[in-house]
Amino acid sequence: MADAPRLQTDALTCAFDGRTVVENVSLSVAAGEVLCLLGPSGCGKSTTLRAIAGVEAPAAGRIRIDGREVCGPSALIPPERRGVGLIFQDFALFPHLSVADNVAFGLKGAKAEKRRRVKELLERVSLERYIDAYPHELSGGEQQRVALARAIAPRPRVMLMDEPFSGLDNRLRDGIRDDTLSVLKEEGAAVLLVTHEPEEAMRMADEIALMRRGRIVQQGAPYNIYNNPADRAAAAFFSDINVIEGEVQGALTDTPFGQFLAPGVADGTKVDIVIRPQHVRIDFDRAGQGPRPTVQDGTPARAVVTRARFIGKESLVEFRLDNGSAMSATVPSVFLPKPGTPMWLSIRRDRCFAFPRQ
Ligand code: ADP
Ligand code: MG
């Protein structure tokens, strides 16, 4: 028999004062896997995490850890007996305890054994030289690494992390994310990481569960979620998007980039064709005045530059199409055409998503 998932929720539902804020959330995380619960502020991520931790009582649903029900019709196990570790944004170390004592806080057993585990963990997060220091002597990033060491010290089966990196400045964050990830992978805990930042989820997750208004709207590997979004909002959550509005007539939608097939879609259905700016191509060879060039992907559309900015690594060029609608394209490196310059644009059809308008 295959091992039970390390963490499993089944139709978890939470409500405050009769208002449902988490609805039918079913998640499964294997040992050594990182699942990111990603969604905008207020969508119910923290509430889900708190229910799993046991500090919030769900209205319905089950939670299992290693196949054992810790919350549900047949059991309600208190937080301290669930085998979960927690890391929050305000990771508050105990200020009056040394780094070693902070890390040892949740450990049981003989003193020498505890000391050995503390040393091992501090080495793992590259802080062994601070073993006898106090939290105020450490930078924010170092304190966060101590908090990580403290949380994993008792070898939790499940690690729950709620926006743990959002208090850190940008330069520190990437390094700490990567270090944290490798420590967690080595320890083999099932990790549920809550974040509202898509870049963080893409960087950290084996799998992303995209949440909106209390529900999981899509779940999959980062690559799949990015390249195959469930709806327009899911596409827009990961990057700026261009939206070409169309209407289906005779199983076709007319757009400035030629016709799109819409097999089986009723006449009069309004559709949004979504394309990310990095998949809009600019024809550099021809100014937009010449004859319409031919390309493999449909028909190029004429557009006029309205604004161009270098945004670091790439340039963001905004256009107005002949039909008046706006479209933006990103171009690697520096490309800053003057406003008013006409150009031909084409789009990668295999990177377009079509959704019925909502
Ligand atoms: P997120 O972590 O995704 O930002 P939360 O889970 O914190 O979202 O909150 C989801 C919704 O539940 C929000 O509308 C929030 O105002 C509400 N909420 C969270 N905690 C409580 C609480 N203790 N009492 C009442 N409403 C709450
Ligand atoms: Mg939250």
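Computed from a prediction, not measured in an experiment: that's the story for all the values here.

What counts and what doesn't
- Residues numbered from 1 in each chain as written.
- Chains lettered and ligands numbered in written order.
- Predicted model: local features only at pLDDT ≥ 70, side-chain atom pairs only at ≥ 80, totals over all residues.
- Heavy atoms only, no water.
- Salt bridge = Lys/Arg side-chain N within 4 Å of Asp/Glu carboxyl O.
- Helix = DSSP H or I, 4+ residues; strand = E, 2+ residues; numbered from the N terminus.
- Buried < 20%, exposed > 50% of the residue type's maximum accessible area, 1.4 Å probe, protein only.
- Axes fitted to C-alpha atoms, helices over the stretch in contact; angles between N-to-C directions.
- Parallel < 35°, antiparallel > 145°, perpendicular 65-115°, else oblique.
- Contact = heavy atoms within 4.5 Å.
- Nonpolar A, V, L, I, M, F, W, Y, C, P; charged D, E, K, R; others polar.
- Pairing = 2+ DSSP bridges.
- Right-handed = clockwise from strand over helix to strand, strands pointing away.
- Disulfide = S-S within 2.5 Å.
- Phe/Tyr/Trp six-rings, centres within 6.5 Å; stacked < 30°, edge-to-face > 60°.
- Lys NZ or Arg CZ within 6 Å of the ring centre and 35° of its normal.

Considering the pattern of salt bridges
The final tally for this structure, using the stated rule, is 28 salt bridges. Glu187 is the salt-bridge partner of Arg117, the closest N and O atoms lying 3.1 Å from each other. Note that Arg117 is positioned in helix 3 (residues 111-124) and Glu187 in helix 5 (residues 170-187), a separation of 70 residues in sequence. For Arg117, a relative accessible area of 3% gives the class buried. The exposure class of Glu187 is partly exposed, given its relative accessible area of 23%. Arg232 serves as the salt-bridge partner of Asp272, at 3.1 Å between the closest nitrogen and oxygen. Linking Asp272 in strand 15 (residues 270-275) with Arg232 in helix 8 (residues 232-238), this pair joins segments that are 40 residues apart in sequence. A relative accessible area of 34% means that Arg232 is categorised as partly exposed. Connected via shared salt-bridge partners are Glu113, Arg116, Arg117, Glu120, Arg124, Glu186 and Glu187.

A few points about the environment of Asp90
With respect to the helices, strands and loops of the structure, Asp90 is situated in the loop between strand 7 (84-88) and helix 2 (99-104). Each C-alpha atom of the pair Asp90 and Gly167 lies 7.6 Å from the other, and the pair is 77 residues apart in sequence.

Some points on the packing of helix 3 against helix 5
Contact geometry for helix 3 and helix 5: axes closest at 10 Å, N-to-C directions at 140 degrees. With respect to helix 5, the axis of helix 3 lies oblique. Residue-level contacts link Arg117, Glu120, Leu121 and Arg124 of helix 3 to Val183, Glu186 and Glu187 of helix 5. A per-class count over the contact of helix 3 with helix 5 returns two nonpolar, no polar and five charged.

Notes on the pairing of strand 8 (residues 158-162)
Along strand 8, five of the five residues are buried, which leaves the element largely enclosed by surrounding structure. A two-sided burial pattern is seen for strand 8, the buried positions comprising Val158, Leu160 and Asp162 on one face and Met159 and Met161 on the other. Two elements, strand 7 and strand 8, share five bridges in a ladder whose sense is parallel. Paired with Leu86 across the strands is Leu160, a residue of strand 8. Traced from strand 8 through helix 5 to strand 9 (residues 190-195), the parallel crossover comes out right-handed.

Overview of the state of the cysteines
In total, this model carries zero disulfides according to the counting rule given. This cysteine, Cys36, is not joined by any disulfide, and Cys43 carries the nearest cysteine sulfur, 13 Å off. Since its relative accessible area comes to 0%, Cys36 is described here as buried. No disulfide involves Cys71; its sulfur sits 8.4 Å from the nearest other cysteine sulfur, which is in Cys14.

Topic: the packing of aromatic side chains
Counted under the stated rule, the structure contains four aromatic pairs. Between the aromatic rings of Phe237 and Phe238, the centroid separation amounts to 6.1 Å while the plane-to-plane angle is 80 degrees, which identifies the pairing as edge-to-face. Exposure remark for Phe237: the relative accessible area of 22% places this residue in the partly exposed category. Here Phe353 and Phe355 contribute two aromatic rings whose centre-to-centre distance is 6.3 Å and whose plane-to-plane angle is 35 degrees, an arrangement assigned as tilted. Phe355 sits in the buried class, given a relative accessible area of 9%. By the ring-pair criterion, three or more aromatic residues cluster together here, those being Tyr226, Phe237 and Phe238. The cationic tip of Arg150 hangs over the ring face of Phe94; the distance from NZ or CZ to the ring centre is 5.1 Å.

The values reported here are purely geometric and, on their own, carry no functional implication.
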